[in-house]
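One letter stands for each residue in the lines below.
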Amino acid sequence: MTALDAPLALVHGPALPNRIAKAAMEEFLAEPGNVPGERLERLYRRWSAGGAGLLVTGHVMIDPRALADPRDVVLEEGRSLEPFQRWAEAARSGGSRVWMQINHPGRVVPGRTGRTWSASDVPIAAGRWSRLYPTPMPMSRALIAETVHRFASAAALARAAGFDGVEIHAAHGYLLSQFLSPLTNRRTDAWGGSLEDRARLLLDVVDAVRAGTGPDFTVAVKLNTADFQRGGFAEEDARRVVGLLAAHGTDLVELSGGSIESLATHGYAADGRTLAREAYFLEAAAGILADAPLPIMITGGIRRLAAARSVLDGGAALAGVATALAVDPEAPQRWLAGEDAPVPPIQVRWRDKTLASAATQALVRRTFVTARPAGALPALVADRLQLSRLPRSPLRGRTALVTGASKGLGAALAEELARRGAHVILVARSAAALTELAARLRDDFGVRAEVIAADLAAADGPDLVLDRLHAAPVSVDLLVNNAGAGPAGPFLSRPFAPARTSVSLNVTGLMTLTHALGAEMVANGSGAIVNVASTAAFQPMPYQAAYSASKAFVLSFTEALAEELRGTGVHVMAAHPGATATEFFAGTTAAGSLAGAEPPHRVAVRILDDLLRGRAASYPGRATDRPSTWAARLLPRTTVAQLTGWFNRQLGLDTVTDA
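Caption draft 1: View of the overall build of the chain. Helices and strands together make up the secondary structure of the chain, namely 21 helices and 18 strands. Accessible surface computed for the chain: about 25900 Å², of which carbon and sulfur atoms make up 54%.

In structure tokens, the structure reads:
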């Protein structure tokens with residue numbers, strides 16, 4: 001019989017001082033920006049002092065676009081590690097080891113604007129609560145590769161922050177569990193069909209995490225003993241997956257069970273089985289424990305010494321304790337001293353099982369945060385009120401690529417996107433200007449800002465950008481085709497090269513990026529494209545003939561594409577700024593013609609506001625800009641050309657020379 005105070009040596013990473021583990025709970029205590037703060041530090045310092053040999057954190061999200069709750073912590077490339085280092089130090093302060101649980105929720109993202117992702121387009125079936133969850137889109141090959149990279153990156157960052165290991169969450173109906181279950185994985189490609197193929201994503205994640213962390217770091221997996229749904233992932237499936245995980249170098253598997261559709265962790269099994277009142281999953285895991293090729297941790301329903309001992313006597317290496325430690329953080333000390341020390345359960349028995357589960361979770365969170373008892377209904381109401389008061393930004397955590405980002409409107413758009421919490425990829429010719437802007441955006445807004453120096457008017461410019469994106473790999477959620485150029489002056493008497501550049505940049509470069517990145521967005525079922533045209537797109541403009549013609553193309557192209565992509569989850573919008581105070585005519589005598597124009601930052605704010613309102617077109621300049629386009633559409637084209645020609649002559653564009 002294994003003693004509770006016996007150390008547990010693992011193949012990779014430090015040994016655990018005893019056999020009691022604090023299992024992951026959803027703490028919902030992230031600070032603004034989805035980072036850990038003082039509340040989590042205090043909580044984990046208290047748990048570490050309580051005697052548990054291992055603390056597994058609540059799930060940390062690997063992708064800010066996909067949060068199970070807005071109060072979840074997020075860890076991804078580009079984030080400061082200081083708050084995570086303080087969290088790890090607090091968790092280890094009493095002698096515990098600490099693993100970060102890393103997770104992607106897949107389709108379990110309530111109330112999200114846009115689409116969620118999963119193995120297949122199978123909606124959540126949770127009775128009347130199903131409407132809270134959008135039907136997911138099947139993940140594309142590119143998005144699967146990005147997700148593997150995000151798991152590996154989060155694990156490497158956790159190691160750098162001082163965590164002893166990670167636990168990859170492949171249970172409870174989240175993304176990796178969705179790939180494992182035949183109920184939610186109906187794919188016919190390499191990631192669907194047989195159990196081995198359904199496990200491919202999980203095994204790829206394990207391999208990538210192991211490769212990126214090294215031999216002194218623990219890699220564990222949380223796995224369902226079963227879905228507890230008819231036709232779902234079953235005990236025999238779990239046994240086989242445990243064998244696969246062992247072959248891929250996994251150090252430990254934690255067994256749990258259920259999902260949002262089958263609340264087994266709260267005692268409700270959708271397949272009609274009656275779960276034990278203590279150590280819920282021990283009986284279901286018996287076949288796995290009998291010949292497990294690696295250490296197993298059993299979690300669920302352990303509230304006293306006798307239950308913890310029964311888990312170890314049943315063949316498990318660790319007893320995972322969750323809710324009991326919310327009520328009594330010092331329970332492990334008493335159990336290690338030989339006291340049975342039963343901890344009273346927190347359980348709400350309402351008729352609506354989903355609501356009862358939410359109330360139970362709210363009570364648990366209130367208990368470990370305030371240490372004060374409360375009724376189920378007040379706790380649930382307080383929890384929902386807190387959630388409703390959180391600031392919401394649909395762009396937070398999304399990745400936006402902005403062309404022409406080194407100055408003017410492009411730089412203003414990049415800054416406003418970062419201000420709203422979006423990560424940005426800055427594209428333009430000037431590497432120095434982009435690097436300076438990226439550093440400022442990182443410092444001011446704490447977002448990820450990357451630089452791709454490329455000339456989109458050059459034949460290989462757009463492909464260079466795409467090659468860089470695919471090498472990362474990274475998915476672009478918002479493409480802002482802002483880069484543009486246009487010569488001023490009489491077409492025949494001015495050099496032709498700037499006109500040719502205008503067409504290459506305004507038309508060819510824009511179309512190339514839109515074709516490649518737009519196809520990826522459609523495959524992922526979500527995204528947005530903003531093509532910056534101009535009020536010049538609506539009219540022939542003498543002395544700006546090449547520019548207005550190329551922008552007319554952008555307008556027509558964008559309107560047609562918007563109709564083609566209607567219903568795909570990808571929104572397409574044309575932006576038509578009027579005169580904007582930029583360096584558009586720099587280097588020519590026309591530079592002064594933009595005096596009194598709209599400041600770029602104001603135009604950028606209006607473009608993004610219109611995008612979030614779902615508009616097909618944005619007129620972000622002066623109030624007169626949009627009505628001026630109506631006149632251009634109603635009057636004969638020759639008359640419009642005469643009027644705009646007269647106007648441009650007043651600006652001196654007919655006599656433009658290089659300055």
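Caption draft 2: Representation of the packing of aromatic side chains within the structure. Counted according to the given criterion, the structure contains six aromatic pairs. When the centroid spacing of 5.8 Å and the interplanar angle of 85° are considered together, the rings of W87 and F163 count as edge-to-face. With W87 in helix α2 (residues 82-92) and F163 in the loop between α3 (141-161) and β7 (165-170), the pair connects residues that are 76 residues apart, well separated along the chain. Accessibility expressed as a relative area gives 4% for F163, which makes it buried. Taken together, the aromatic side chains of Y44, W47, W87 and F163 make up a single cluster linked through ring pairs.

Caption draft 3: Representation of helix α16 (residues 461-471) within the structure. For α16, every residue scored as buried is listed here: G461, P462, V465, L466 and L469. Each buried residue of α16 sits inside an arc of 135° when the element is viewed along its axis, so together they form one side. Turned more than 90 degrees from where α16 packs its buried face, D467 and A471 sit exposed. Against β12 (399-403), β13 (423-428), β14 (449-453) and α17 (497-524) lie the buried residues of α16.

Caption draft 4: Geometry of the nonpolar core. Among the nonpolar cores identified, the biggest contains 102 residues, and I168, L202 and W335 are the most heavily contacted of them. The element best represented in this core is α3, accounting for nine residues. By size, the runner-up hydrophobic cluster in this structure holds 34 residues, among which are V465, L561, L565 and V570.

Caption draft 5: A look at α17. Look at α17: 39 Å from first C-alpha to last across 28 residues, which is about the 40 Å you get at 1.5 Å a residue. Of all the bends in α17, the greatest measures close to 30° and is centred on S504. Count one or two residues on from α17 and you reach G525, which has phi positive near 80°.

Caption draft 6: Structural context of the pattern of salt bridges. All chains considered together, the criterion is met by 35 salt bridges. For R39, the salt bridge is made with E31, and the minimal N-O distance between the two is 3.2 Å. Take E31: its relative accessible area is 23%, and that puts it in the partly exposed class. The partner of E41 in a salt bridge is R86, and the shortest N-O contact between them spans 3.4 Å. With E41 in helix α1 (residues 38-49) and R86 in helix α2, this residue pair connects regions lying 45 residues apart in the sequence. Three or more residues joined by partner-sharing salt bridges are found here, namely D63, R65, E76, R79, E146, R150, R448, E450 and D477.

Caption draft 7: A look at the sheet that holds strand β17 (residues 570-575). As summarised here, the arrangement of the seven strands in space is β14-β13-β12-β15-β16-β17-β18, forming an open sheet in which the pairing is parallel. A single partner strand is all that each edge strand has here, and the edge strands are β14 and β18 (617-618). Along the sheet, α17 makes contact with β12, β15 (478-481), β16 (527-532) and β17, crossing β15 at roughly 170°. This element, helix α18 (residues 545-564), spans β16 and β17 of the sheet and lies at about 160° to β16.

Caption draft 8: Structural view of the environment of A533. Position of A533 relative to the elements: it lies in the loop between β16 and α18. Look at A533 and you get buried, because its relative accessible area is 2%. For the pair formed by A533 and S618, sequence separation is 85 residues and the distance between their alpha carbons is 9.8 Å. If we skip the residues at most four places from it in the chain, A533 touches Y547, K551, V554, L555, A575, H576 and P577.

Caption draft 9: Up close: the pairing of strand β4 (residues 97-103). Summarising burial for β4: six of the seven residues are buried, a large majority. Direction of pairing for strand β2 (residues 54-56) relative to β4: parallel, over a ladder of three bridges. Among the inter-strand pairings, L55 is bridged to a residue of β4, identified as V98. Relative to β4, strand β3 (residues 60-61) runs parallel, the two sharing two bridges. Each residue of the ladder has a partner; that of V60, found in β4, is I102. With four bridges joining them, β4 and β7 adopt parallel strand pairing. Looking across to β7, one finds that I102 is bridged to I168.

Caption draft 10: Layout of unusual backbone geometry. Residue N34 is not a glycine yet carries a positive backbone phi of 60°. Tracing the backbone through its elements, the reader meets N34 in the loop between β1 (20-22) and α1. Taking relative accessible area as the criterion, N34 reaches 10% and is therefore assigned buried. The backbone of A341 sits at a positive phi, close to 40°, despite the residue not being glycine. Along the chain, A341 turns up in the loop between α11 (331-336) and α12 (353-370).

Caption draft 11: Representation of the packing of helix α6 (residues 200-213) against helix α7 (residues 235-247) within the structure. For the pair α6 and α7, the least separation of the axes is 10 Å and the interaxial angle reads 25°. In terms of orientation, α6 and α7 fall into the roughly parallel class. Crossing geometry of α6 relative to α7 is assigned as right-handed. Where α6 abuts α7, its residues L202, L203 and V206 lie against V241, L244 and L245. Counted by class, the contact of α6 with α7 contains six nonpolar, no polar and no charged residues.

Calculation notes
Residues numbered from 1 in each chain as written. Predicted model: local features only at pLDDT ≥ 70, side-chain atom pairs only at ≥ 80, totals over all residues. Heavy atoms only, no water. Helix = DSSP H or I, 4+ residues; strand = E, 2+ residues; numbered from the N terminus. Areas by Shrake-Rupley, 256 points an atom, 1.4 Å probe, with all protein chains shown as cover. Phe/Tyr/Trp six-rings, centres within 6.5 Å; stacked < 30°, edge-to-face > 60°. Buried < 20%, exposed > 50% of the residue type's maximum accessible area, 1.4 Å probe, protein only. Arc of directions from axis to C-beta. Contact = heavy atoms within 4.5 Å. Core = buried A, V, L, I, M, F, W, Y, C linked by side-chain atoms within 4.5 Å. Expected span 1.5 Å × (residues − 1). Bend = angle between axes of the 7 residues up to and from the residue. Salt bridge = Lys/Arg side-chain N within 4 Å of Asp/Glu carboxyl O. Pairing = 2+ DSSP bridges. Axes fitted to C-alpha atoms, helices over the stretch in contact; angles between N-to-C directions. Parallel < 35°, antiparallel > 145°, perpendicular 65-115°, else oblique. Left-handed = near helix turned anticlockwise from the far one by under 90°. Nonpolar A, V, L, I, M, F, W, Y, C, P; charged D, E, K, R; others polar.

Functional significance is not addressed by these values, which are geometric in nature.
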